[in-house]
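The chain contents come next:
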Amino acid sequence: MEATTGDLTDPLINHADGQLFLHEAFKIIVEEVLCKGTDVKEKVCEWREPEELARLLDLELREKGEPQENLLQRVRDVAKYSIKTSHPRFFNQQFAGVDYHSLAGRFLSEALNTNLFTYEVAPVFVLMEAEVLRGLRELVGWTEGDGLFCPGGSTSNMYAMNLARYRLYPEVKSRGLWSLPQLTIFTSPESHYSVKKGAAFMGFGMDNVILVKGAAPFLVSCTSGTTVQGAFDPLHRIADICDKHKLWLHVDAAWGGSVLFSKKHRHLMKGVHRANSVAWNPHKMLVAGLQCSVLLLKDTTDLLKKCHCANATYLFQQDKFYDVNLDVGDKSVQCSRKVDCLKLWVMWKAVGSAGLEQRVDKAFLHARYVVDQMKKREGFQLLREPEFVNVCFWFIPPSLRGKEKNADYQNRLAKVAPVIKERMMKQGTMMVGYQPLGDRVNFFRITILSPLVSQKDMDFFLDEIERLGNDL
Amino acid sequence: MDRHMNGQTTVEELMNPEKGSPGAGEDMEAAESFIQQAMEIILQEAVKKATNVKEKVCEWRSPEQLKELLDLELKDTGESESKILQCCRDTIRYSVKTGHPRFFNQLFAGMEPHSMVASFITEAIKTSLYTYEMAPVFTLIEDALLKTMMKLIGWEEGGDGLFNPGGSMSNMYAVNLARYRYCPDFKEIGIYASPRLVILTSQEGHYSLAKAAALLGFGTKNVYVVPSDNRGKMIPSKLEEKIQLAKSEGAVPFFVNATAGTTVLGAFDPIDEIADICEKHNLWLHVDACWGGGALVSKKHRHLLKGIQRVNSVAWNLHKMLMATLQCSAFLVRDKSCLLQRCHCAGASYLFQQDKFYDVSYDTGDKSVQCSRKPDAFKFWLVWKAVGTRELEYRVDRALALARYLAQEIKKREGFRLVIEPEFANVCFWYIPPSLRNLPESLELWKKLHTVAPAVKERMMKSGSMMIGYQKHGDKPNFFRMVVISPQVSRQDLDFVLDEIHSLGKDL
C-alpha cells in the first residue's frame, strides 16, 4: 500500500487502543509475574526443552499482525515459561527477590524512554544520577569524585582499565597500544572473568592479565566479593603496594559493594577509599533490578570525560542555552545510555539507607543460619567458612558418605550436583547454581540475598537437596 | 507500606519476611496496591498525557530550579508511600516527553504500546540473557528475531548475532571480530607487536567508530576518514585511496565501516561499490545501519541498502525508526563458524558448565563481552507479532513520505532553505529570519545565521511547544535537523513545526 499525501493528514496510530492494551497487559503482569512469581506455592520454573518451547511460543514473525487477545495470551505464555527470579526459592544468581519501589522506578524509566546523554533530553535524570553517585561515593569514603552508570559490571571494569591506561599514557587514546610497552593487569585467580574479557576487547590480550616478567604493570583489579566464594581481597594491603608502585587500584565490588551500607559488615571493604575506582552493582544485593551498575571514581580532574570524549557536534553543541557541563554523554563510551539511576533512587528514597542496611544485614543472617544448619546435617560439606552470603557446599549422598578414600570418589561426587540441578529444574521446586573451581569438583553455591526469603525457605532448601539427591 | 523501621530489630524479626525490610514486598497486598497506584500515574501522566498533542513536550527548568523542585536528597530513613508517588509524578512532569508528536530531537521518537508492554514484562520478569536455564523464553525469542532480520538483510545461509546495550557497542563488536579474524592470537597476546591496524569510515560516520578505536586499543589516529560527497555519501574512489595510503605507510587496513543512514544528513553510503573494494583488499566490511536499517522492511526504500547482503556484519537499532523502546540494538554477523563465541568467550565455569542437562549451545552468554545482558529483543518481537511486517513497512513508508512532504513545504516557504534533498527521514534546513533575508551570501551572513537556531531552540524548549535538534556541520552554520519517525505524527504537526519556527524566530 503506497503512502500517499492524503494518508498523512491524520495520525496513523490510535493511542486509545494502545493504552487499553497496556492496561490489560499490566493486569496479567501483576497476576502472573508479580503475584504468582513470588508465591512460594508456585513453581520457580516451568522447564521445557528448547525445541518444545519454540513450538509453544510460536516464534515466527509474519506479514500480518494479531488481535489483542492473542497478544495477551502471548504475554501469559512469556510469563509462564520464564524463570521466576523473584521467587523465594530462586538462589541461582547474584540477584534475586524484588523491591516494589525499584520496580515502579523501572516501569517509569521504560515509559519515559529517554537517553542519558544530554540535559536537554533527560533533565531530571542527569541531576538524579549525579545525586545517586554522590551518595554511593560517600559510602566509599569520598567527598568528591566522578562516575556513571554502566550497562553492567563488566563494562564498569572495562572503564576502570581504560581510565588507568589513559591516565598513565594519555596518548594511547589517539595513537593506540602500538606506542606503548606491553601493559599488564594484576588480578586474583578468583576475580570475575570480565577482567579477562575486557583485556581482550581493549587490546591488552588475556595473557597480560597476570604477573608477567619484564612488562609494565599499570592496574590492579581486586575483588570485593568474588563470584563463586564471596571472598574479599585485603584492600589496605593491596593499596599499600599500589601506592608504592603507582598503580591504579580498581575494586570490583560489583557483588560485595553493598556491604558498604551496613555498619556491621562494611569492614570487609576496609581501605576501599584508597582505591582509584570502584565498580558496584546495586542490582545484585540491593535488589534494584537489572541493570543497575555503577562505576565510581575518586578523580576530580574530569578524567572520565577526557578519556572518552569524541565531541560529536550533533549532540554536544557548545552554544546551548544551558550549562553544557550538564551534558554527561561524553563521559561514556556509549552514545545512547539507559536511565538506570531512577530504579535505585526511588528505592533509596522509599526505604532510606537504614532500610538498605537492614536488607544487607538480613542476608548475612540467612547465610549464617544456613551454614549452622548444614553443620548439623549429615551429607552437607562446606567448602570453607563463608565471609559473605555465598555458601558453597557439596551434598554427599548416603552412598558416598565415608568413601572419600575411594579412587573414583571425586568423579562420582562431580556427577551429583548436575543431577540434582536437573531434577530441581524439571520439578520447578527451586534453583541453585553449581560449578567446579580449580581442582574442586562440582559444588553448589547458594547466594542468599532476597528480602522475600525466610527461615522456612532455608529449611526447605536443605530438605529439598536431600530429597532430590538421597538416592544418588 | 507506610512503614519505617525504627530502632533495633531482633534476629527473630529479621528472619521473618513479614516484618522484613520495608518496601521489599513482604506484604503482597500492600505491594500490589503501591504498584497499581504507580502504574496508574505512569499510564495517565507518562503515556496518555505525554503523547497528547495538546500538552507540552517539555517543562523546562534550569538545573538549579529543578534540583529544588525534585528533592533529590537520599536520606537515612525512608519516605511515605504518598511522597514516593509524588516523586514519580514530579519525575514525569519535568522529564521530556519523547513520545510526544512534536518531539523530533533525536533519532528515536514516538510511543509503541506493544514495545512498552514488552518492556514492562522484561522489567517484571527481571532476568539475564546469559544462559538458557536463566532465560529460556528470551533466548529463543532473540534467536528468532535475529534470524528474521538476517532474512531481510539477505543472508540466505543465516549467521549469528546478539542484542547489545546500544549501537556504539555493536560497532565495537564488529571491529573486535574483524581484528580477531585477522589474527585470533590478539585475543591472548594483545596488539602491541602487531603492525599498525587501520579502520576506515566516512566523514559522516558515527563517532562510535572513534570511541571504538580508543577503547579497543587502536587509537583514534588509526581511524582514517574517507571524504563524502555533497550528498553525504562515502566516495568509493577516496576509500581506495585511503586504503592505498595506509598500505604505503606500512599499516594494515583491516576494517571498513559503511553507514546506512548517517546521523545528521541521513545519507546512505554506496554499499555495493564499497563491497567491491573490500573484497578486492580482503577487508572486513561492516554496515552501521543503526539508523537506516529500518528501510529494509520497506520494499520501496530498501534499495538504499543495496548490496547489504554482501557485508560481514551489520548494526541495526530497532529503537530508532521502528520504535522499540530504548535499547534495542542488534548486531548481526554473516558467520556460521561461531566466530562471535570464539572471539569473546572466557568459559566461566560458574555459568557455562559443560555438563548441563540441556544442550549448552543455547547458552549465549559467551558470545558477549558482557556478563548480565538484558532481553532487549523481546521488546521488538512483540511489536512485530502485534502489527506484522506489512504494518511496519507502512509506518516506514509513511515516515519517509512525511519527510518528503516537509521538504516540499520548506521549498515553498520564504525564509526556509534545505541543506540537501533528503533521501531518508532527516530533513535538514536553515530558518533565515526576515532581518537576514536580504543579506548577500557571505561569511557575515553565516555568522549571523549560526546564532538563529540556538535562539529558536531555547525559545521552543522554554515554551515546551516542540523539540528539534540543530548542529553545525563541516563549514555550514547551525541548521535544524527534523527527524520524522512516529506514525502518530501527521502533516499538521509538520506544518506546525514550520509555523512555530517562524513564530519563534521572526524577530531575530
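Everything numeric here is computed off the predicted structure, so don't read it as measured data.

Visitor: Looking at this model, I keep getting lost on the overall build of chain A. Mind explaining?
Guide: Looking only at helices and strands, chain A features 14 helices and eleven strands. The principal-axis extent of the C-alpha atoms belonging to chain A is close to 75 × 65 × 45 Å. Across the 472 residues that make up chain A, the buried fraction comes to 69%. By sequence separation, contacts in chain A at least 24 residues apart represent 72% of the contacts at least 6 residues apart.

Visitor: What is the right way to look at the interface of chain B and chain A in this model?
Guide: When the parts of a complex come together, some accessible area is lost, and that lost area is often taken as the interface size. With 180 residues of chain B in contact, the opposing surface of chain A contributes 174 residues. At the boundary of chain B with chain A, total buried surface from both sides reaches about 15,800 Å², with 65% on carbon and sulfur atoms. It is Lys126(B), Tyr192(B) and Phe357(B) in chain B that bury the most area against chain A; as a group they hold 6% of the surface buried on that side. Summed over the shared surface of chain B and chain A, the result is nine salt bridges. Lys211(B) is paired through a salt bridge with Asp330(A); the nearest N and O atoms lie 3.1 Å apart. The interface formed by chain B and chain A holds 76 residue pairs in polar contact (both at pLDDT 80 or more) in total. Sort the elements by how many residues they give to the side of chain B that touches chain A and helix H13 (residues 378–412) of chain B lands first, with 19 residues. Considered class by class, the residues forming the side of chain B that touches chain A number 93 nonpolar, 48 polar and 39 charged.

Visitor: Is there a simple way to think about the domain arrangement of chain B in this case?
Guide: All names here are of chain B. Under the domain assignment, chain B is made up of domain 1 (128–374) and domain 2 (386–505). The centre of domain 1, based on its C-alpha atoms, is set 31 Å off from the matching centre of domain 2. Listed as interface residues are 25 residues of domain 1 and, on the opposing side, 25 residues of domain 2. Carbon and sulfur atoms make up 63% of the surface buried where domain 1 meets domain 2, a total of about 2,200 Å² over both sides. Looking at the side of domain 1 facing domain 2, the largest losses of area belong to Val-264, Leu-265 and Met-321, adding up to 28% of the total buried there. At the boundary of domain 1 with domain 2, the tally comes to two salt bridges.

Visitor: Please explain the environment of Lys48(B) as it appears in this structure.
Guide: In this fold, Lys48(B) is placed in helix H2 (residues 28–48). The exposure class of Lys48(B) is partly exposed, given its relative accessible area of 43%. Taking the C-alpha atoms as reference points, Lys48(B) and His100(B), 52 residues apart in sequence, are found 9.8 Å from one another. Dropping the residues within four chain positions of it, Lys48(B) is found in contact with Gln19(A) and Leu43(B).

Visitor: When you look at the sheet that holds strand E8 (residues 329–333) of chain B in this model, what are you seeing that I'm missing?
Guide: Hydrogen bonding along the main chain pairs the strands of a sheet, whether they run parallel or antiparallel. All names here are of chain B. Read across the open sheet, the seven strands follow the order E2-E8-E7-E6-E5-E3-E4; overall the sheet is mixed. Each of the sheet's edge strands pairs with one partner strand only, and the pair in question is strand E2 (160–164) and strand E4 (223–226). Direction aside, neighbouring strands of the sheet carry axes that sit 20° apart on average. Its contacts with the sheet place helix H11 (residues 271–281) against strand E5 (252–259) and strand E6 (284–288), and it is angled at close to 160° to E6.

Visitor: Even after reading the chapter, I still don't get the packing of aromatic side chains, so can you show me in this structure?
Guide: In this description, an aromatic ring pair is defined by two values, namely the gap between the centres and the angle between the planes. Across all of its chains, the model carries 45 aromatic pairs over all chains by this definition. With a centroid separation of 5.8 Å and an interplanar angle of 40°, the aromatic rings of Tyr322(A) and Trp60(B) are classed as tilted. Pair noted here: Tyr322(A) is in the loop between helix H10 (303–308) and helix H11 (341–376) and Trp60(B) is in the loop between H2 and helix H3 (63–70), and the two residues belong to different chains. For the pair shown, Tyr322(A) and Trp60(B) are each scored as buried. Aromatic side chains Phe254(B) and Phe255(B) sit 6.1 Å apart centroid to centroid with 45° between the ring planes, which places their arrangement in the tilted category.

Visitor: Just to check I follow, could you spell out the domain arrangement of chain A for this structure?
Guide: Residue and element names in this part refer to chain A. When its domains are assigned, chain A resolves into domain 1 (15–42 + 46–82), domain 2 (115–338) and domain 3 (352–469). For domain 1 versus domain 3, the distance between C-alpha centres works out to 33 Å. On the side of domain 3, four residues touch domain 1, which itself brings four residues to the contact. Taken together, the two surfaces of domain 1 and domain 3 that pack against each other cover about 320 Å², and 69% of this comes from carbon and sulfur. Linking domain 1 with domain 3 are zero salt bridges. Along the contact surface separating domain 1 from domain 3 lie zero residue pairs in polar contact (both at pLDDT 80 or more). Residue composition of the side of domain 1 that touches domain 3, by class: two nonpolar, one polar and one charged.

Visitor: Just checking my understanding: could you explain the confidence of the model for chain B for this structure?
Guide: Any segment with low pLDDT has predicted coordinates that should not be analysed in fine detail. All names here are of chain B. Of all residues in chain B, 95% attain a pLDDT of 70 or more, and the chain-wide mean is 93. Taken as a whole, residues 1–9 scores under 50 in pLDDT and shows 20 contacts with residues more than four places along the chain or in a different chain. Confidence drops under pLDDT 50 across residues 18–25; counting only partners more than four residues distant or on other chains, this segment forms 31 contacts. Both scores are available for the predicted complex, with the pTM at 0.95 and the ipTM at 0.94.

Calculation criteria
- As a convention, each chain's residues are numbered from 1 in the sequence order in which they are written.
- Throughout, the order in which chains and ligands are written sets their labels, letters from A for the former and numbers from 1 for the latter.
- For a predicted model such as this one, the threshold for reporting local features is a pLDDT of at least 70, and the threshold for listing and counting side-chain atom pairs is 80 or more; totals across whole chains, interfaces and linings nevertheless cover every residue.
- As a rule here, side-chain values come from all non-hydrogen atoms in the structure, and water together with hydrogens is ignored.
- What counts as a helix is a DSSP run of H or I of at least four residues, what counts as a strand is a run of E of at least two, and both are numbered from the N terminus.
- Exposure categories follow from relative accessible area, calculated using a 1.4 Å probe and restricted to protein chains: below 20% of the type maximum is buried, above 50% is exposed, and the middle band is partly exposed.
- In what follows, residue pairs with any heavy atoms lying within 4.5 Å of each other are defined as contacts.
- A simple way to read buried area is as the amount of 1.4 Å-probe accessible surface that goes missing from two parts once joined, with both sides added.
- Any Lys or Arg side-chain nitrogen located within 4 Å of an Asp or Glu carboxyl oxygen qualifies as a salt bridge.
- Under this definition, polar contacts are N or O atom pairs within 3.5 Å; protein pairs additionally need one hydrogen-donor-capable and one acceptor-capable atom, and for neighbouring residues in sequence, both atoms have to be side-chain atoms.
- Amino acids outside the nonpolar list (Ala, Val, Leu, Ile, Met, Phe, Trp, Tyr, Cys, Pro) and the charged list (Asp, Glu, Lys, Arg) are all regarded as polar, and Gly is one of them.
- Where a domain begins and ends is set by an automatic assignment or by a domain database.
- Only when DSSP finds a minimum of two bridges between them are two strands counted as paired.
- Lines fitted to C-alpha atoms define the axes here, with helix axes fitted over just the stretch in contact, and angles between the N-to-C directions of these axes take values from 0 to 180 degrees.
- Classification of ring pairs uses Phe, Tyr and Trp, with its six-membered ring standing for Trp, and accepts pairs whose centres are within 6.5 Å; under 30 degrees between planes counts as stacked, over 60 as edge-to-face, and the remaining range as tilted.
- Looking at any residue, its pLDDT shows the predictor's confidence there, from 0 to 100.

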